[in-house]
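Chain residues, written in single-letter form:
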Amino acid sequence: MDQKTDHLIPGPQGHSKFWQNAHLYFDRVYATMNLDPLWRAVLSTPKRVLTVSCPVKMDNGGIQVFTGYRAQHNNARGPFKGGIRYDDAVNMDEVMALAMLQTWKNALVDLPYGGAKGGVVCDPRKLSMGEKERLTRRYTSEIMPIIGPMQDIPAPDAGTDGQIMAWVLDTYSMMVGQQSLGVVTGKPVTLGGSVGREEATGRGVMNILRKFLATQNKKLEEVRIAIQGFGNVGSHAARLLAERGATIVAISAKEGGLYDESGIDIEAATRYYKENGVLTDFPGADAVSNEEVLTCECDVLIPAAMESTIDATVAPHIKARIVCEGANGPTTPEADEILRDNGVTVLPDILANAGGVTVSYFEWVQGLENFFWDIQKVQDELQRVMERAFDQVNAKADEADCDYRTAAYTIAISRVAEASRLRGLFP
Ligand code: NAD
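Keep in mind that what you see is a predicted model, and the values were worked out from it rather than measured.

Explain the overall build of the protein chain to me, please; I cannot follow it from the model alone.
When helices and strands are tallied, the protein chain shows 15 helices and 12 strands. A compact globule built from 427 residues should have a C-alpha radius of gyration of about 22 Å, and the protein chain, at 20 Å, falls within 12% of that. Based on the C-alpha atoms only, the size of the protein chain along its principal axes is roughly 55 × 55 × 50 Å. The 427 residues of the protein chain split such that 56% are buried. When contacts within the protein chain are restricted to residue pairs at least 6 apart in sequence, those whose partners lie at least 24 apart make up 67%. Accessible surface, the protein chain as shown: approximately 17,600 Å² in total, 51% of it carbon and sulfur.

Here you go:
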């Protein structure tokens, strides 16, 4: 079984490996916390999961039925919030696991949100703009009963972008009969989006890595970085890190990667990727496999593609001393243990990639107040939130003598558990 589909194999409990991994990370930390065991199931079970079918008229005159999901994990701390993913590997277990991760992430950076995730099983690269618009509008109308500015606020994730959020916004607003800018974030700026949202996840990755390096008396200028995935997260992280003097020695997209020990010209590679949709054949760097990008000579590895790409097979060969998780759930628990045993520091997803949802929160607040910030304020506030979260995780890791993932989960779970305890069980 190849690496891409391995995480979809139903496990002994009938769930995919990725779902089991998300639960394993939660269960391990919950067991070490002084919390009521009776709440364990409440905190780890999604509150609601909706499956919808979306029949769409295709350009060739046919009709294709797409399956979509919206999983709402926990809303003890505020409205549900989380992205919508368009990918052909989307499945119910994946959105449930991602929704749970989102709950911990939102709590860790202390946003007044619960966690959710949605997805549609499709390859967006194979859909025309018209087909994507009709699919998005139909999916929005199907999940309409459970989303809303104070209920559940979607945002972009892998395979979706500001244009798709604009269609979600328009469809929702048409159906409720009033403008509802707060129903999604990651919208285009002309429709009430926030400046700085598009690059926010990559910027947060940069903030966290720079902050961690400072604890080692190191600077970005001194590190060589490999990045897996060159979409929203990976490409913005690459640009922002390169602008600050880091050497980006390797990058990759689905079809393959590039390596240059003297540093890849990120601006040129970004232009090339936008024009060609692939990185292979980019002149000015050597073509390498995706596995070679993960295991190349570098100081920092940033997985920014999909979940479970760092597994027990690849982990022993990783040469980076720091793994900074731009993607959600890129490291399996077995790989996490191998990296820890090998002395590799992992800056966990719920901390490192929280920049996107943080600026989404700023966007939502700006929309509610109808008062919009300038780019400097967005960047300063993002840095403040990310660095505060890092300091809290760092302090917890010192105090409990544990790794950063355990520290981050401990903080996040205790916040959600406390909110749940105070609210009590309904009825
Ligand atoms: P995207 O669709 O913009 O880009 C994904 C990139 O990964 C593409 O370049 C694709 O070619 C590449 N890719 C896919 N599979 C790969 C593989 N096996 N090897 C190498 N490259 C591969 O997606 P994105 O929005 O950048 O999201 C990437 C990850 O970051 C996802 O896990 C997502 O959940 C997470 N994330 C995204 C955001 C956000 O704001 N977009 C926020 C937090 C976390």
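Even after reading the chapter, I still don't get the nonpolar core, so can you show me in this structure?
Nonpolar side chains in soluble globular proteins generally cluster together in the buried interior. The biggest cluster of nonpolar side chains holds 83 residues, and the ones touching the most others in it are Trp-104, Leu-209, Ile-225, Leu-241, Ile-251, Ile-302 and Leu-347. The greatest single-element share of this core, amounting to nine residues, is contributed by helix α15 (residues 404-423). In this structure, Ile-251 is in contact with Ile-227, Phe-230, Gly-257, Leu-258, Ile-264, Ile-266, Ala-269, Leu-279 and Val-293, ignoring residues within four places of it in sequence. Within the second largest apolar cluster, 23 residues are counted, among which are Cys-54, Ile-84, Ile-143 and Met-144.

Mind showing me how you'd approach helix α2 (residues 17-32) here?
Residues separated by three or four positions in an α-helix point in the same direction, a consequence of the helix having 3.6 residues per turn. Between its terminal C-alpha atoms α2 stretches 23 Å, which fits the 22 Å expected from 16 residues at 1.5 Å a residue. Those residues of α2 that sit buried are Phe-18, Trp-19, Gln-20, Asn-21, Ala-22, His-23, Tyr-25, Phe-26, Val-29 and Tyr-30. For α2, the elements touching its buried residues are α3 (40-44), α4 (92-108), α11 (333-341) and α15.

Hey, could you run me through the sheet that holds strand β3 (residues 80-87) in this one?
Sheet strands line up and pair through hydrogen bonds in the backbone, either parallel or antiparallel. Sheet architecture is open: five strands sit in the order β1-β2-β4-β3-β5, paired in mixed fashion. Every interior strand has two partners, whereas the edge strands, β1 (48-57) and β5 (152-156), have only one. For this sheet the average axis-to-axis angle between neighbouring strands, irrespective of direction, equals 25°. Sheet analysis places β3 next to β5, joined by five bridges and oriented parallel. Paired with Ile-84 across the two strands is Pro-156, which belongs to β5. Packing of helix α5 (residues 129-143) onto the sheet brings it into contact with β1, β2 (63-74), β3 and β4 (115-121), and relative to β1 it is tilted by some 145°.

Would you take a moment to explain the sheet that holds strand β8 (residues 256-259) for this structure?
Here seven strands make up an open sheet; going across it, the order is β9-β8-β7-β6-β10-β11-β12 and the pairing mixed. A strand with exactly one partner marks an edge of an open sheet, and here the two such strands are β9 (286-288) and β12 (345-347). For this sheet the average axis-to-axis angle between neighbouring strands, irrespective of direction, equals 20°. Bridge count between β8 and β9: three bridges; the pairing is antiparallel. Among the inter-strand pairings, Tyr-259 is bridged to a residue of β9, identified as Asp-286.

It is not clear to me how unusual backbone geometry should be interpreted in this structure. Could you clarify?
Glycine aside, the phi torsion of most residues is negative, and most peptide linkages are trans. Residue Pro-427 is bonded to the preceding Phe-426 through a cis peptide linkage, with omega at 5°. Looking at where Pro-427 falls in the secondary structure, it is placed in the segment after α15. The phi dihedral of Asn-217 is positive, around 55°, even though this residue is not glycine. The topology assignment puts Asn-217 in the loop between α7 (200-215) and β6 (224-228).

How should I be thinking about the pairing of β1 in this particular structure?
Two faces make up the sheet, and in a regular strand the side chains alternate between them. When β1 meets β2, the two strands line up antiparallel, connected through 10 bridges. Each bridged residue has a counterpart across the sheet, and for Ser-53 the counterpart in β2 is Thr-67. Between β1 and the antiparallel strand that follows it, β2, lie five residues; Gly-61 among them carries a positive phi value of about 95°.

Thresholds, definitions, all that
The written sequence of each chain sets the order in which its residues are numbered from 1. Residues qualify for local features only when their pLDDT is at least 70, as the model is predicted, and side-chain atom pairs are given and counted only at 80 or more; totals for whole chains, interfaces and linings, by contrast, use all residues. To get the side-chain values, take all heavy atoms of the structure and skip hydrogens and water. For helices the rule is a DSSP run of H or I covering at least 4 residues; for strands it is a run of E covering at least 2, with both sets numbered from the N terminus onward. Atoms counted for the radius of gyration: C-alpha only. Globule rule: 2.2 Å times residue count to the power 0.38. In this scheme, a residue with accessible area under 20% of its type's maximum is buried, one over 50% is exposed, and one in between is partly exposed, where area comes from a 1.4 Å probe on protein chains only. Residue contacts are counted whenever heavy atoms from the two residues lie within 4.5 Å of one another. What sets the accessible areas is the Shrake-Rupley method with a 1.4 Å probe; for residues, cover comes only from the shown protein chains. To qualify as a nonpolar core, a set must consist of buried Ala, Val, Leu, Ile, Met, Phe, Trp, Tyr and Cys residues joined through side-chain atoms within 4.5 Å. Every helix has an expected span of 1.5 Å times one less than the residues it contains. Two strands qualify as a pair provided that DSSP identifies no fewer than 2 bridges between them. Here an angle of 0 to 180 degrees is reported between the N-to-C directions of two axes, which are lines fitted to C-alpha atoms, with helices fitted over the stretch in contact.

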